Each structure stands twice: as C-alpha cells, then as structure tokens.
Amino acid sequence: MKISIGNDHAGPDYKKAILEKLTSLGHEVTNYGTDSTDSVDYPDFGHPVAEDVSSGKSEFGILICGTGNGIAMSANQHKNVRAGVCWTKEIADLCRRHNDANIIAIPARFTSVPQAVDMVEHFLATEFEGGRHATRVNKIACS
Ligand code: RB5
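Residues numbered from 1 in each chain as written. Predicted model: local features only at pLDDT ≥ 70, side-chain atom pairs only at ≥ 80, totals over all residues. Heavy atoms only, no water.

With that out of the way, let us pick up the site of the ligand. In the region of the ligand, the neighbouring residues are Asp8, His9, Tyr42, Cys65, Gly66, Thr67, Gly70 and Arg109. Take Thr67: an N or O atom from its main chain is 2.9 Å from an oxygen atom of the ligand. Side-chain polar atom of Arg109 to an oxygen atom of the ligand: 3.4 Å apart, as the coordinates give it. With the chains in place, 71% of the 290 Å² that the ligand exposes on its own is no longer accessible. Split by residue class, the shell around the ligand holds two nonpolar, four polar and two charged. (Near = heavy atom within 4 Å. Polar contact = N/O pair within 3.5 Å; in protein donor to acceptor, adjacent residues only side chain to side chain. Areas by Shrake-Rupley, 256 points an atom, 1.4 Å probe, with all protein chains shown as cover. Nonpolar A, V, L, I, M, F, W, Y, C, P; charged D, E, K, R; others polar.)

Right, here's the structure in full:
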C-alpha cells in the first residue's frame, strides 16, 4: 500500500516507529516529516501528505503533531481528504468504519509511541462500512 507520512517537531519519534513498522509490513511510505525537535510549522508537513492523498498518489496519510488538530485542519483543506484526530484504537477503527477517513492525525503529546503504532495498524486494516455512513460522508465537502 502507498502511504504518505508527515510530522512537526512534536512527532519525530512517533514517525520513526510508525515508519519502521509500516516498512517492515511491506508498505511503500513517503516521508515528509521532520526528523528534528527544532520548532517548525505543522502546515508545512500536513499539506504535502494531503496533496498525495488528494491526488491519489497515496491511498492513506499519517500526520503527527502535538494535539493532532493543527495538522488535521491543514489537511482537511484539500479536496477528497478526510483527516480525523484519533487517540484510541477504537476511534481509529471508527474513523475508517464510519467516516471513511483517509488520513489519521495523531496527537503525539497525548498518546504513547506504542499506542500510536497500534492506532495506525487498526486504521489501515479497517474498511469503510458504507450504507448510511456513505450518505453522511457525501455531505461533508463544501465544494
Ligand atoms: C507545536 O507546538 C504545536 O502547536 C503543534 O504540534 C500542534 O499541537 C498544533 O496543533
């Protein structure tokens, strides 16, 4: 599976662990994230990942910042992108099942590295349920 990943200075360790896990599982991962804890601006890392997902270059995206919110807000400006902030594996599961999210946004300052890896694995393994959820998802975009 083709996946793009991006993170700000809150997430290098999280990104590294997720990248290692996904690569070990045979996924092709494009990494846009910083490897430094020097302060950067999260939109600079959210937009390239969202562009890959919006264009179809990548099937899924993974974004990491302190709260998950700023980087998800940036990604959600892109057409066909649905980025959801997840902080438990159950929410990651429902974000796919009910919202057809194509980007998971992880709050590095409010979860652990093993939890983050676990959430990503759940996210990627879960299918959208469609049906009544498709009706709702089709009402999300404004243009
Ligand atoms: C960076 O300090 C922090 O603002 C950022 O990682 C994120 O939490 C923004 O939403």
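Once that is clear, we can look at the pairing of strand E3 (residues 60-65). The buried count for E3 comes to six of six residues, which makes it a mostly enclosed element. Covered by surrounding structure in E3 are Phe60, Ile62 and Ile64 together with Gly61, Leu63 and Cys65, the residues of both alternating faces. Sheet analysis places E3 next to strand E5 (residues 103-107), joined by five bridges and oriented parallel. For Leu63, the partnering residue across the bridge sits in E5 and is Ala105. (Buried < 20%, exposed > 50% of the residue type's maximum accessible area, 1.4 Å probe, protein only. Helix = DSSP H or I, 4+ residues; strand = E, 2+ residues; numbered from the N terminus. Pairing = 2+ DSSP bridges.)

Helix length check: helix H2 (residues 43-55), at 13 residues, gives a terminal C-alpha distance of 18 Å against a target of 18 Å (1.5 Å per residue), a fit within 8%. Against the buried residues of H2 lie strand E1 (2-7), strand E2 (28-31), E3, helix H3 (69-75) and E5. Gly56, located one to two residues past H2, shows a positive phi value of around 90°. (Expected span 1.5 Å × (residues − 1). Contact = heavy atoms within 4.5 Å.)

Here we take up the side chain of Thr126. Here Thr126 is to be found in the loop between helix H5 (113-125) and helix H6 (132-137). The class for Thr126 is buried, based on a relative accessible area of 6%. A polar atom in the side chain of Thr126 sits 2.6 Å from the backbone oxygen of His122. If we skip the residues at most four places from it in the chain, Thr126 touches Asp93, Arg96 and Arg97.

Evaluation of the coordinates by the stated rule reveals seven salt bridges. Salt-bridge contacts for Lys15 lead to Asp35; the nearest nitrogen and oxygen are separated by 3.1 Å. In this pair, Lys15 sits in helix H1 (residues 12-24) while Asp35 sits in the loop between E2 and H2, placing the two residues 20 residues apart along the sequence. A salt bridge links Lys57 to Asp52; the nearest nitrogen and oxygen atoms lie 3.8 Å apart. Lys57 sits in the partly exposed class, given a relative accessible area of 46%. The class for Asp52 is buried, based on a relative accessible area of 7%. Through salt bridges with shared partners, a single network forms among Arg82, Arg96 and Asp100. (Salt bridge = Lys/Arg side-chain N within 4 Å of Asp/Glu carboxyl O.)

In this fold, Lys2 is placed in strand E1. The class of Lys2 is partly exposed, set by a relative accessible area of 43%. It is 6.0 Å that separates the C-alpha atoms of Lys2 and Val29, two residues lying 27 residues apart in sequence. If we ignore the near neighbours within four places in the chain, the residues touching Lys2 are Glu28, Lys57, Ser58, Glu59 and Phe60.

By themselves, these figures tell us nothing about what the structure is for.
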